[in-house]
Amino acid sequence: MTTTLLRRTLLGAALLAPLVATAADKPLVMGFSQVGAESEWRSANTASVKAAARQAGITLKFADAQQKQENQVKAIRTFIAQKVDVIAFSPVVESGWDTVLKEARAARIPVVLTDRAVNVSDPSLYVSFIGSDFVEEGRKAGRWLLERAAKNPGASLNIVELQGTVGSAPAIDRKKGFEEVIKANPKLQVIRSQSGEFTRAKGKEVMEAFLKAKDKKIDVLYAHNDDMAIGAIQAIEEAGLKPGKDITIISIDGVKGAFQAMLAGKLNVTIECNPLLGPQLMELARKVVAGQPVEKRITVIEGVFPAEVAAKELPNRKY
Ligand code: GZL
């Protein structure tokens, strides 16, 4: 290589060095739109995402949508304007995302779904979805009830259901999975089903209405999350009944409050739904930004915790 060419090459490298160094040192920036702060599960999920971002050295721009889709759309548009490296969000409901996800694609910002899924015309609008299998969670709830009902063959059981947020993936899928399984025993009938919006307050309010109806005896409550079950437990007690005994209660999430209710004999089983997705989400985001291949669907391993194991398991619970 001639001296001139060598000199030009070294100069070029010297000019590029700060740019390369800057790119290499610049922390990855993630825009994260969270559903809200409606339940113990959601608070644990938020804590996991924030802690994992800190741990990974990722700059997190976090927006709480207070369970409103329009706030999530606004947050995603803000992230696009801020030119973040990646957008992650837990969609409060399944539909209504095509337009804003097309805007993210036009801005060449990859999108990752966490916790809940979306219904979009073009699945390539998001790179990957990391979250639980809610249909399977509903099936697990149904299987637990089938096994319990089998101890008293032929007995009719009237079930009331507290659904999650209307239009949300967990509400749609947990209902679907539960019904798919309990249809094996026609004596198990869902006599009332209404949304308690995943909150304790609304869960209590709707359970009060179920109890006031009085036309049919309630044998079982199936709640799509522990917070609504805990609210319903208050309503059942205020009606002079014994939760967990007069009314068998099945719920989902596996938060500490559920284990405490099981220890008190007021809840019969909780189906785990793991909120601690933060570390996996940050690892996924790094791969996506680096253009590495990632799985379209990443699920999490989850268990079933009946009251019999609550005392042993409570000390191990992380949320
Ligand atoms: C499930 C999550 C649900 C929880 C609720 O992954 O989306 O939302 O079950 C939370 O507790 O409000």
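Residues numbered from 1 in each chain as written. Predicted model: local features only at pLDDT ≥ 70, side-chain atom pairs only at ≥ 80, totals over all residues. Heavy atoms only, no water.

**Comments concerning unusual backbone geometry**
Part 1 of the argument: The backbone of Gln66 shows a phi angle near 50°, a positive value even though the residue is not glycine.
Part 2 of the argument: Position of Gln66 among the secondary structure elements: in the loop between β2 (59-64) and α3 (69-81).
Part 3 of the argument: Among the residues examined, Gln66 registers a relative accessible area of 56% and is labelled exposed.
Part 4 of the argument: In this model, Asp253 sits at a positive phi of 130°, which is unusual for a non-glycine residue.
Part 5 of the argument: Turning to its location among the elements, Asp253 is positioned in strand β9 (residues 248-253). (Helix = DSSP H or I, 4+ residues; strand = E, 2+ residues; numbered from the N terminus. Buried < 20%, exposed > 50% of the residue type's maximum accessible area, 1.4 Å probe, protein only.)

**With respect to the nonpolar core**
Part 1 of the argument: Grouped together as the largest cluster of nonpolar side chains are 48 residues, with contacts concentrated most on Leu145, Met207 and Leu221.
Part 2 of the argument: Among the elements that make up this core, the one with the highest residue count is helix α8 (residues 226-238) (6 residues).
Part 3 of the argument: In this view, Met207 contacts Val160, Leu162, Ile218, Leu221, Ala232, Ala235, Ile236 and Ile247; residues no more than four positions away in its chain are not counted.
Part 4 of the argument: Within the second largest apolar cluster, 26 residues are counted, among which are Val29, Ile76, Val92 and Phe129. (Core = buried A, V, L, I, M, F, W, Y, C linked by side-chain atoms within 4.5 Å. Contact = heavy atoms within 4.5 Å.)

**Overview of the environment of Thr46**
Part 1 of the argument: Secondary-structure assignment places Thr46 in helix α2 (residues 40-56).
Part 2 of the argument: Spatially, the C-alpha atom of Thr46 lies 9.3 Å from that of Leu277, the residues being 231 residues apart in sequence.
Part 3 of the argument: Dropping the residues within four chain positions of it, Thr46 is found in contact with Gln34, Gly36 and Phe62.

**Observations regarding the pattern of salt bridges**
Part 1 of the argument: Applying the stated criterion across every chain yields a total of 24 salt bridges.
Part 2 of the argument: Across the salt bridge formed by Arg105 and Asp122, the nearest N and O atoms sit 3.1 Å from each other. Of the two residues, Arg105 sits in helix α4 (residues 98-106) while Asp122 sits in the loop between β4 (111-114) and β5 (128-130), which places them 17 residues apart along the sequence.
Part 3 of the argument: Exposure remark for Asp122: the relative accessible area of 25% places this residue in the partly exposed category.
Part 4 of the argument: Residues Lys217 and Asp219 are paired through a salt bridge, measuring 2.4 Å at the closest nitrogen-oxygen approach. (Salt bridge = Lys/Arg side-chain N within 4 Å of Asp/Glu carboxyl O.)

**Some details on the domain arrangement of the chain**
Many descriptions give the size of an interface as the accessible area lost when the pieces come together.
Part 1 of the argument: Domain annotation of the chain identifies domain 1 (9-131 + 275-300) and domain 2 (134-273).
Part 2 of the argument: In this structure, domain 1 and domain 2 have C-alpha centres spaced 33 Å apart.
Part 3 of the argument: Facing the 12 residues of domain 1 at the interface are 20 residues of domain 2.
Part 4 of the argument: A buried area of about 1100 Å², summed over both sides, lies between domain 1 and domain 2, and 52% of it is on carbon and sulfur atoms.
Part 5 of the argument: The largest per-residue losses of area from domain 1 upon contact with domain 2 belong to Glu40, Trp41 and Glu94, which jointly make up 46% of the total buried on that side.
Part 6 of the argument: Where domain 1 packs against domain 2, one counts 1 salt bridge.
Part 7 of the argument: Ionic pairing is found between Glu40 and Arg200, a salt bridge with its closest N-O pair at 2.6 Å.
Part 8 of the argument: Its residues placed into classes, the side of domain 1 that touches domain 2 shows 5 nonpolar, 2 polar and 5 charged. (Domains from an automatic or database assignment. Buried area = accessible area lost by both parts, 1.4 Å probe. Nonpolar A, V, L, I, M, F, W, Y, C, P; charged D, E, K, R; others polar.)

**Here we look at the pairing of strand β10 (residues 269-272)**
Part 1 of the argument: Side chains Val269 and Ile271 project from β10 onto one buried face, and the interleaved Thr270 and Glu272 project onto a second face that is buried too.
Part 2 of the argument: Across 4 bridges, β9 lies against β10 in parallel orientation. Bridging across to β10, Ile252 finds its partner in Ile271.
Part 3 of the argument: Read from β9 through helix α9 (residues 256-263) to β10, the crossover connection turns out right-handed.
Part 4 of the argument: Relative to strand β12 (residues 304-306), β10 runs antiparallel, the two sharing 3 bridges. (Pairing = 2+ DSSP bridges. Right-handed = clockwise from strand over helix to strand, strands pointing away.)

**Here's the deal with the packing of helix α5 (residues 134-149) against helix α6 (residues 169-182)**
Between two packed helices, the angle of one axis relative to the other and the distance separating the axes together describe the packing.
Part 1 of the argument: Packing of α5 against α6 leaves a shortest axis separation of 6 Å and a crossing angle of 35°. Viewed along their axes, α5 and α6 form a crossing whose handedness is right-handed. Seen from α5, the contacting residues are Phe134, Val135, Glu137, Gly138, Arg139, Ala141, Gly142, Arg143, Leu145 and Leu146; seen from α6, they are Ala169, Pro170, Asp173, Arg174, Lys176, Gly177, Phe178, Glu180, Val181 and Ile182.
Part 2 of the argument: Split by residue class, the contact of α5 with α6 holds 10 nonpolar, 3 polar and 7 charged. (Axes fitted to C-alpha atoms, helices over the stretch in contact; angles between N-to-C directions. Left-handed = near helix turned anticlockwise from the far one by under 90°.)

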